[in-house]
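# Residue-level structural notes
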Amino acid sequence: MVDDPRDGPVRAAVILPWERPDRQEPGRAAEARLAEAVGLTASIGLVVVHTAILPLRARKPATLLGEGQAATQGEAIRSGHVDVAVVDAQLSPVQQRNLEKAWACKVIDRTGLILDIFGERAATKEGALQVELAHLEYQRSRLVRSWTHLERQRGGFGFLGGPGETQIEADRRMIGDRIVRLKKELEQVRRTRGLHRSARKRVPFPVVALVGYTNAGKSTLFNAMTGAEVMAKDQLFATLDPTMRGLRLPSGRQAILSDTVGFISELPTELVAAFRATLEEVAEADVILHIRDVAHPDTAAQRTDVIGVLDGMVKEGTLDPGWQSRCIEVLNKADLLGGVRGVPVRNDAVAVSAITGEGIYALEVAIDARIAAGMDVAEYDIPPNDGARLAWLYQHGEVIGRQDAEDAIRVTVRLLPADRARFERV
Ligand SMILES: Nc1nc2c(ncn2[C@@H]2O[C@H](COP(=O)(O)OP(=O)(O)O)[C@@H](O)[C@H]2O)c(=O)[nH]1
Ligand SMILES: [Mg+2]
């Protein structure tokens, strides 16, 4: 086959229009915001080949950016063979279209990018519906805007009903109908959620979920902790999504580590419900790791934010009020503060560097302890010839005592409540 440049990865530019009332040069805050946008772009598989921070003096109605800025970016986009330009701002439909024309590439704005990410990651029926709803509402708001824009162009009232306008009206009605139907469907799914929850097949190991802001280092830590480790039960993992992987803890216990969609700064309000739906797996987790970037300028505000969203889920009834007792705060990027010892640690937090690996063993020990704290200790007498049940206990629990007698093996074992129920049922 002939080489086709379209076969390569999708090349992206990430452009941050930076408007702040203080006329200062964009500094660390802008850099952090750009890093987030780059992280988000990379998370949907795009390869970022160009970035720029553009101080905005005024919002130009036609292109948002200034003329000179748009031209300079156009050159960079052409020479970098960029396929998609992500503009980390809210673009009007007109601005988006004009930039696409000027740059001869696809242009998406912040909301569009986030919707893409959520769409890819929505794992449950409710999550998928929630994301579709947000998407339609986004589209509808854009139709409304371009519709009023058209009307203004015609310089008059809508009652003559030009053809373009009729089409937009029809589209709008169609989207409106779909939104009504989706909302009904969501209601339905929510009402039966309790049922689905308990009916869902539980993975046979404790689940450890990572939450935190985008770029805090969740995926890096995920990879550092799981490495190339392959679980014994391959077929189980073939059915799980790639954001879950097996992990063996210092006690020998197996667990499953689950990466989640990251928190996003200044999440557009119309996307909040969709984002919460992507956090559902957290509710099911036995241990929650709250990953923080301790070197980020907004690290304290981000922490408050994450806790606020999870508490919001408690109010909604999608997360149990005791979640904090299952949560370990992980202070990542310790290397940037001179190593784990350079990080001020409060309460039960654990400082780590996902990059250098420092602190990860201590974190694994803490996870082990937290899982054990949520477990029941039980004692069973197993007939010596029942090797299968004995093996099951060793695999799913932590055997803390064993007495071999002639007629029975007495096993003292720590088990997750769900596993204990399962063992005692059979
Ligand atoms: N210096 C430093 N950088 C890190 C560390 N962990 C992650 N990073 C970097 O932070 C960026 C975001 O990491 P990523 O794992 O994708 O974050 P996620 O969005 O939370 O999954 C990447 O450039 C990582 O290389 C760390 O411990 N130290
Ligand atoms: Mg990630």
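Located above this text is the structure these notes cover.
Worth saying up front: this structure is predicted, and the values here are computed from it rather than measured.

## Remarks on the pattern of salt bridges
- As enumerated under the stated definition, the model contains 23 salt bridges in all.
- Ionic pairing is found between Arg292 and Glu329, a salt bridge with its closest N-O pair at 2.7 Å. Of the two residues, Arg292 sits in strand 8 (residues 287-293) while Glu329 sits in strand 9 (residues 327-332), which places them 37 residues apart along the sequence.
- Judged by relative accessible area, which is 18%, Glu329 ranks as buried.
- Its salt-bridge partner being Arg389, residue Asp386 comes within 3.7 Å of it at the nearest N-O pair.
- For Asp386, a relative accessible area of 23% gives the class partly exposed.
- One connected set of salt bridges, linked through shared partners, spans Arg33, Glu36, Asp88, Arg110 and Glu266.

## A word on the environment of Gln254
- Residue position: Gln254 is located in strand 7 (residues 254-259).
- The class for Gln254 is buried, based on a relative accessible area of 9%.
- Remark: the alpha-carbon pair of Gln254 and Val207, spanning 47 residues in sequence, is separated by 9.5 Å.

## A closer look at the site of ligand 1
- In the vicinity of ligand 1 lie 15 residues, with Asn215, Lys218, Ser219, Thr220 and Asp335 positioned nearest.
- A distance of 2.9 Å separates an oxygen atom of ligand 1 from a polar side-chain atom of Ser219.
- Here Ala354 contributes a backbone N or O atom positioned 2.9 Å from an oxygen atom of ligand 1.
- Starting from 580 Å² of accessible surface for ligand 1 in isolation, the protein chains cover 73%.
- Tallying contributions element by element places helix 8 (residues 218-226) first for the shell around ligand 1, with three residues.
- Residue classes in the shell around ligand 1 are distributed as five nonpolar, seven polar and three charged.

## Examining unusual backbone geometry
- Phi at Asn215 is positive, roughly 80 degrees, even though this residue is not glycine.
- Position of Asn215 relative to the elements: it lies in the loop between strand 5 (207-212) and helix 8.
- The phi dihedral of Lys333 is positive, around 70 degrees, even though this residue is not glycine.
- In this structure, Lys333 sits in the loop between strand 9 and strand 10 (350-351).
- By relative accessible area, which is 22% here, Lys333 ends up partly exposed.

## Thoughts on the sheet that holds strand 2 (residues 47-55)
- With parallel pairing, four strands are arranged side by side in an open sheet as 2-1-3-4. In this open sheet, the two edge strands, each paired with only one partner strand, are strand 2 and strand 4 (106-109). In this sheet, neighbouring strand axes are inclined to one another by 20 degrees on average, regardless of whether the strands run parallel or antiparallel.
- As judged from the four bridges shared by strand 3 (residues 84-87) and strand 4, these two strands associate in the parallel manner. By the bridge assignment for strand 4, Val86 is matched with Ile108.
- Seen against the sheet, helix 1 (residues 28-43) touches strand 1 (11-18), strand 2 and strand 3 and runs at an angle of roughly 150 degrees to strand 1.
- Along the sheet, helix 4 (residues 110-121) makes contact with strand 3 and strand 4, crossing strand 4 at roughly 85 degrees.

## Considering the pairing of strand 13 (residues 409-415)
- Across the seven residues that make up strand 13, a large majority, five, are buried.
- Where strand 11 (residues 376-382) lies against strand 13, seven bridges are found, and the strand directions are antiparallel. Counterpart to Val377 in the pairing with strand 13 is Arg414.
- Turn length for the strand 12 (residues 398-404)-strand 13 hairpin, with the two strands adjacent in sequence and antiparallel, is four residues.

## Section: the sheet that holds strand 6 (residues 244-248)
- Reading across from one edge, 6-7-5-8-9-10 is the order of the six strands in this open sheet, with mixed pairing throughout. On the outer flanks of this sheet lie strand 6 and strand 10, each paired with one strand and no other.
- Pairing geometry for strand 5 and strand 7, over four bridges, is parallel. If you follow Ala209 over to strand 7, its bridge partner there is Ser258.

## Considering helix 2 (residues 67-79)
- With 13 residues, helix 2 extends 19 Å between its outermost C-alpha atoms, agreeing within 8% with the 18 Å of an ideal straight helix rising 1.5 Å per residue.
- Every buried residue of helix 2 is listed here: Gln69, Ala70, Gln73, Gly74 and Ile77. Each buried residue of helix 2 sits inside an arc of 135 degrees when the element is viewed along its axis, so together they form one side. Those residues of helix 2 that are exposed and aimed more than 90 degrees away from the buried face are Glu67, Glu75, Arg78 and Ser79.
- In this fold, the buried residues of helix 2 make contact with strand 1, strand 2, strand 3 and helix 3 (93-103).
- His81 lies just past helix 2 and shows a positive phi near 50 degrees.

Rules used throughout
Residues numbered from 1 in each chain as written. Chains lettered and ligands numbered in written order. Predicted model: local features only at pLDDT ≥ 70, side-chain atom pairs only at ≥ 80, totals over all residues. Heavy atoms only, no water. Salt bridge = Lys/Arg side-chain N within 4 Å of Asp/Glu carboxyl O. Helix = DSSP H or I, 4+ residues; strand = E, 2+ residues; numbered from the N terminus. Buried < 20%, exposed > 50% of the residue type's maximum accessible area, 1.4 Å probe, protein only. Near = heavy atom within 4 Å. Polar contact = N/O pair within 3.5 Å; in protein donor to acceptor, adjacent residues only side chain to side chain. Areas by Shrake-Rupley, 256 points an atom, 1.4 Å probe, with all protein chains shown as cover. Nonpolar A, V, L, I, M, F, W, Y, C, P; charged D, E, K, R; others polar. Pairing = 2+ DSSP bridges. Axes fitted to C-alpha atoms, helices over the stretch in contact; angles between N-to-C directions. Contact = heavy atoms within 4.5 Å. Expected span 1.5 Å × (residues − 1). Arc of directions from axis to C-beta.

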